[in-house]
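# Examining the three-dimensional arrangement
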Amino acid sequence: MGPRKVVDEDYIDIDDTLDANQDEDAGKGGYSWEEEYKRSWDILQEDSEGRLSSVVSQLQQQRKRRRLLKDTAIIQRGIIRHLFLVIDLSEAMNEKDLRPSRVELTLTYAQQFVVEFFDQNPISQLGIIITRDGIAEKLTELSGNPTEHIRVLKSKKNTETSGEPSLQNALQLARASMLGVPSHGSKEVLVVFGSLTTCDPTDIHDTIALLKKEMVRVSIVGLAAEVQICRILSQSTKGTYGVILNEAHFKDLLFEVVPPPAVLPNKNTSNLVTMGFPRRLMEENPTLCVCHSKMTLGGYICPKCKSKVCELPSDCDICGLTLVSSPHLARSYHHLFPVDNFDEVKTHNSEQSTHCFSCLALFDKLETGGRFSCPKCHQVFCAECDMFVHEVLHNCPGCWSVGQRVS
């Protein structure tokens, strides 16, 4: 049999020439699809007048639909919350599947979460725990001062990544830090977990059983994929567990923990809680505070034991009295009595209002969307005022204007 004839198809054409810009692209260390992902503005479509009003309207409708999923029923909620934010700072947080990286985006969202948490829960307390190299470290104690938490999150020393996380050590540290929480306060842990593994010293199921016994609610936001132990942990403690899809979904899952959850049915709730409204102290010379045992200038005087504390809300270290201010207490009530969701006005007739009841902006006669009516007072609002009422004001201007006529 003669030698086989070589044809052109038997050869594989390999281009071994280097492009002039290939070295520069290789040094950037990114994926090819990331360049396309950057051009998110290509999806925006202008209208005939060159405006982006249709896109803005679509975003508003998406926010409206997300809010409509929230339950506005009047149920018992724990407005005095004690929450620990646990942040995974393992090597897995260096991945760049989130922009600019997992750890940088997590720290940015964590700072926004702290601000929003205290804005919606002014008489609650929050602490921060990080886990890396198989250990857990508490950055801040439970306190009601958002400035201190944000300062710690901005410190580069506290945000370096290394090693593996330890979910059990972080939970044990949070649990031990909340042993002194009074019975009328809720105990919660929010974990931002980017790793697929956890390096624990003993059986984590024993820790889960202790958390369940002490009614510590654990919610987890996963950055990589679903982990079975995280699912078991959240279900056992009546918390929530979600895995993010993108940056926007990450923020949505994180901020779902901002509103206070419903009180657990087997929790021994107190009918009356003793609170003190301290007097603001103005002084020229620093004096000793009981919360930090340091010489500080200014503070608040406990009405029961006359000790000085630095910030509100807090618990007096001498007599144990819960110290709050009246504006903080008033701002916490909107979770207990939420504003009903407004009904979208589908059709337009001459009897309906031609302008927004709140901002007095005229409605476009040709457009029927973007109008929402209160189910109680039946006043019509624009989309912007609708979101402002539910997200900031937490009171319907129409219902307040008619007073006793609304049941």
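Heads up: the structure comes first, above all this text.
In this report, we go over the structure that sits alongside the text. (Residues numbered from 1 in each chain as written. Predicted model: local features only at pLDDT ≥ 70, side-chain atom pairs only at ≥ 80, totals over all residues. Heavy atoms only, no water.)

With that out of the way, let us pick up the overall build of the chain. A count of helices and strands for the chain gives 12 helices and 17 strands. Looking at the chain residue by residue over its 407 residues, the buried ones come to 41%. Here the chain displays about 24,000 Å² of accessible surface, and carbon together with sulfur accounts for 53% of that area. (Helix = DSSP H or I, 4+ residues; strand = E, 2+ residues; numbered from the N terminus. Buried < 20%, exposed > 50% of the residue type's maximum accessible area, 1.4 Å probe, protein only. Areas by Shrake-Rupley, 256 points an atom, 1.4 Å probe, with all protein chains shown as cover.)

Following the sequence through the fold, Ser 314 ends up in strand β13 (residues 314–315). At 3.1 Å, the side chain of Ser 314 and the backbone oxygen of Glu 311 are in polar contact. Excluding residues that lie within four positions of it along the chain, Ser 314 makes contacts with Gln 125, Val 309, Leu 321, Thr 322 and Leu 323. (Polar contact = N/O pair within 3.5 Å; in protein donor to acceptor, adjacent residues only side chain to side chain. Contact = heavy atoms within 4.5 Å.)

In this section: the pairing of strand β5 (residues 216–222). Summarising burial for β5: 7 of the 7 residues are buried, a large majority. The alternating pattern of β5 places Val 216, Val 218, Ile 220 and Gly 222 and Arg 217, Ser 219 and Val 221 on opposite faces, both of which are buried. With 7 bridges joining them, strand β4 (residues 186–193) and β5 adopt parallel strand pairing. The residue of β5 that forms the bridge with Lys 187 is Val 216. (Pairing = 2+ DSSP bridges.)

So, on to helix α8 (residues 228–236). By the burial criterion, the buried members of α8 are Ile 229, Cys 230, Leu 233 and Ser 234. With its buried residues spanning 130° around the axis, α8 presents them on a single face. Structural note: α8 exposes Gln 228 and Gln 235 on the side pointing more than 90 degrees away from its buried face. Tucked into the core, α8 has its buried residues touching α6 (167–177), β4, α7 (204–213), β5 and β6 (241–243). Directly beyond the C-terminal end of α8, a positive phi value near 65° is found at Lys 238. (Arc of directions from axis to C-beta.)

Turning to a nonpolar patch on the surface, a few remarks are in order. A contiguous nonpolar patch, built from Phe 388, Val 392 and Leu 393 and spanning about 270 Å² of accessible area, is present on the exposed surface. As for its position among the elements, Leu 393 is in helix α11 (residues 383–393). You can call Leu 393 partly exposed: its relative accessible area is 38%. (Patch = residues over 30% accessible without salt bridge, like charges linked within 9 Å, V, L, I, M, F, W, Y side chains within 5 Å. Salt bridge = Lys/Arg side-chain N within 4 Å of Asp/Glu carboxyl O.)

Note that Cys 319 resides in the loop between β13 and β14 (322–323). On the basis of relative accessible area, Cys 319 is assigned to the partly exposed category, the value being 26%. Through-space distance from the C-alpha of Cys 319 to that of Lys 304 is 7.4 Å; in sequence the pair is 15 residues apart. In this structure Cys 319 touches Cys 302, Lys 304 and Cys 305, once residues within four positions along its chain are discounted.

Here the focus is the sheet that holds strand β11 (residues 299–301). Pairing in this open sheet of 3 strands is antiparallel, and the strands run β8-β11-β12 from one edge to the other. Strands with a single pairing partner mark the edges of an open sheet, and in this sheet they are β8 (279–281) and β12 (308–309). Bridge count for β11 against β12 is 2 bridges, and the pairing is antiparallel. Within β12, the residue paired with Tyr 300 across the bridge is Val 309.

What follows is about empty space enclosed by the protein. On inspection of all chains with the given rule, the structure shows 3 cavities of 30 Å³ or more. Approximately 50 Å³ is the volume found for the largest cavity. Along the walls of the largest cavity sit Ile 80, His 82, Ile 123, Gln 125, Pro 182, His 184, Pro 313, Ser 314, Asp 315 and Thr 322, which together make up its complete lining. Of the residues belonging to the lining of the largest cavity, the class tally is 4 nonpolar, 5 polar and 1 charged. (1 Å grid on protein atoms, 1.4 Å probe; cavity = no way out; pocket = protein on both sides within 12 Å on 5 of 7 lines; lining within 4 Å. Points joined across faces, edges and corners; volume = space filled by probe spheres on them. Nonpolar A, V, L, I, M, F, W, Y, C, P; charged D, E, K, R; others polar.)

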